[in-house]
Amino acid sequence: MIQTIDAAVFQRMVIHAAAAINLQKQPINDLNVFPVPDGDTGTNMSLTISAASAEMKKKSFDTVGQAASGAASALLRGARGNSGVILSLLFRGFAKAVKEKEIVDGRDFAIALDFGVAAAYKAVMKPAEGTILTVSRMAAAKAAEKAREDNSVEAVLEAAIAQGQVTLDDTINMNPVLKKAGVVDAGGKGFLVILQGMLDELRGEPMPEVTEDDGAEESSVFSEMADEEITFAFDTVFIVRKKDPDVNLDPFRKYLNSIGDSLVIGEDDEAFKVHVHTNTPGDALNEAQKYGTLELAKIENMVTQRDDLAAGRKAQSTDDLEAVEKELEQSSEPVHAAPEKKFGYVAVCAGEGLEAVFRDLGVDALVGGGQTMNPSTEDILKAVDATPAEIVYVLPNNKNIIMAAEQCIPLCEDKKVIVLPTKTVPQGISAMLSADPDAEEADNTAAMTEAFARVRTDEITYAARDSDFGGFAIKQGDYMALTEHQLFGTDTDLNALLEQLAKAESEKGAEFVSIFYGEDVTQEQAEQAQAIFAAACPDAEVSLLPGGQPVYYYMISVE
């Protein structure tokens, strides 16, 4: 059994764990019991720990304490969704426990797991059984028990995973919703995949790899990356003339693997050619010059290229360098905005129409995101930092983004951040309608909170898969109506479902109805929806607005 780990081993364990969950993220997504197309637990956890993996590849650390702190910091800023935030908290507590440790043994590792569990439970207002919290708690308890009889990291981690699996299997009995769906908890599963990846690295198991196509050495298929996170931004290709025909490139290959991925090296007696994705292309080029003379280099930012293609624009390349330089000379974007007013506002939403509504209401900064697109803590923090106000209100507008937003509170040094727990876009809009720039902070917060609490939100989307949920036999592709995130009903006819929803709101005494229609809804279809609500709710004021939101055909605000 391996007794201790040092900083380098811990770094490799984190990198391996990120690769492991990336491989299994879709099966974890599929465990989400609610059939709405929002099953992103695996994706959120994968993206979150990928931020730590990138940090581990970029830097070297002298102690486990330093490495764990670096990983925790990256996880926190890269946290996405509730599952990602909880994962970051587990690592934050772990890092706190090993802060002063140069190396870690089994007992240290067990204590650190327990610290992580404590940090996660402390941050969750109402911890629920049958979740990642339960799995991590029981795993940590078993780790502590094992450490008393075998003080090796390998034995402790193995015991934690074994107990975690037993607990995970039992989550189906702890949560009625999981039991009904016949699945285990997705977050708990993701946590165990991460621990198993760490153990596999410790034991020298091969790291999961993405199959590469050597024929694509100098290009990237950006259309396939449109909906994926790009961990290493720079597509870097260069040619080096060898100093020695027999030079051994293995150390160089190992170095490049430590700072990037998608590595391909081709060589002959005179030169070698490298293709690598990395965040530090300069480091790759500097290291290459130890083996010969640099002859040619080409570096392109895949993130901007992907975004350009996704938006229907031409992807910029090195061929466009002259034009890009002129554009950069003409524009600059401030990174930080000093306070110029008392209140500022940041809102999360997706869709040009919804963005326009929030801008008209006085929102200073918008963060793209919502269902299936949970922004990270760092994304939200950047928007807060760019808001020129002493007090910045953040409107997450999605229940799965609230925790990520709340992590900004201790991270913002010169501004006070107030997160209003809006769970839907209509709630966020209602909150902004009540914002008063001249009010005292407490009065403004109370007014906005009271306003969004009055809003009832209906949403219509589609079923991402077959499901038996809440007494409904749901088929993939069915239209689904939700009221306050609870399943209202399903139908294969969209207008029939709208009529059911409108009649229910009429019975509840709706006075104001605002219908935001999505990107897949035509103007004619939207007007039909408005007519349906107007007929069913004759005493209500019914308005229609283009939201442009993805995933949801309609978001309906009712007061």
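Structure: see above.
Residues numbered from 1 in each chain as written. Predicted model: local features only at pLDDT ≥ 70, side-chain atom pairs only at ≥ 80, totals over all residues. Heavy atoms only, no water.

Chemist: Would you mind going over the sheet that holds strand 15 (residues 541-546) with me for this structure?
Modeler: Consider a sheet: its strands pair through backbone hydrogen bonds, and that pairing is either parallel or antiparallel. Read from one edge of the open sheet, six strands run 13-12-9-16-14-15, paired in mixed fashion. Where the open sheet ends on each side, the last strands, each with one partner, are strand 13 (486-491) and strand 15. Recorded for the sheet is a direction-independent mean angle of 20° between the axes of neighbouring strands. Bridge analysis of strand 9 (residues 456-462) against strand 16 (residues 554-558) gives five bridges, and the strand direction is antiparallel. Bridged to Arg456 within strand 16 is Val558. On the sheet, helix 21 (residues 523-536) packs against strand 14 (512-517), strand 15 and strand 16 and is oriented at approximately 165° with respect to strand 15. (Pairing = 2+ DSSP bridges. Helix = DSSP H or I, 4+ residues; strand = E, 2+ residues; numbered from the N terminus. Axes fitted to C-alpha atoms, helices over the stretch in contact; angles between N-to-C directions. Contact = heavy atoms within 4.5 Å.)

Chemist: What exactly am I supposed to notice about unusual backbone geometry here?
Modeler: Glycine aside, residues mostly have negative phi angles, and peptide bonds mostly take the trans form. Even without being glycine, Glu484 reaches a positive phi, approximately 50°. Along the chain, the position of Glu484 falls in the loop between strand 12 (479-483) and strand 13. We note that His485 has phi near 70°; this positive angle belongs to a residue other than glycine.

Chemist: Looking at this model, I keep getting lost on the nonpolar core. Mind explaining?
Modeler: Nonpolar side chains in soluble globular proteins tend to be buried together. Counting residues in each nonpolar core, the largest one holds 69 residues, and the members touching the most others are Ile5, Phe10, Ile49, Phe109 and Ile194. Ranked by the residues each element gives to this core, the list is headed by helix 1 (residues 7-29), at 11 residues. Contacts of Phe10, omitting those with residues within four sequence positions, involve Ile5, Val64, Ala67, Ala68, Ala71, Phe94 and Met198. In terms of nonpolar packing, the next biggest core, distinct from the first, is built from 28 residues, Ile391, Ile418, Ile429 and Met555 among them. (Core = buried A, V, L, I, M, F, W, Y, C linked by side-chain atoms within 4.5 Å. Buried < 20%, exposed > 50% of the residue type's maximum accessible area, 1.4 Å probe, protein only.)

Chemist: It is not clear to me how the side chain of Glu459 should be interpreted in this structure. Could you clarify?
Modeler: Among the structural elements, Glu459 can be located in strand 9. No salt bridge forms around the buried Glu459; measuring N to O, its nearest opposite-charge neighbour Lys399 is 8.4 Å away. For Glu459, the residues in contact, after removing those within four places along its chain, are Thr424, Met480, Ala481, Leu482, His485, Tyr552, Tyr554 and Met555. (Lys, Arg positive; Asp, Glu negative; His and termini not counted. Salt bridge = Lys/Arg side-chain N within 4 Å of Asp/Glu carboxyl O.)

Chemist: Sorry, what's going on with the pairing of strand 9 here?
Modeler: The side chains of a regular strand alternate, residue by residue, between the two faces of the sheet. Counting buried positions over the seven residues of strand 9 gives five, a clear majority of the element. Taken together, the five bridges between strand 9 and strand 12 define a ladder with antiparallel strand orientation. In the strand pairing of strand 12, Tyr462 is matched with Tyr479.

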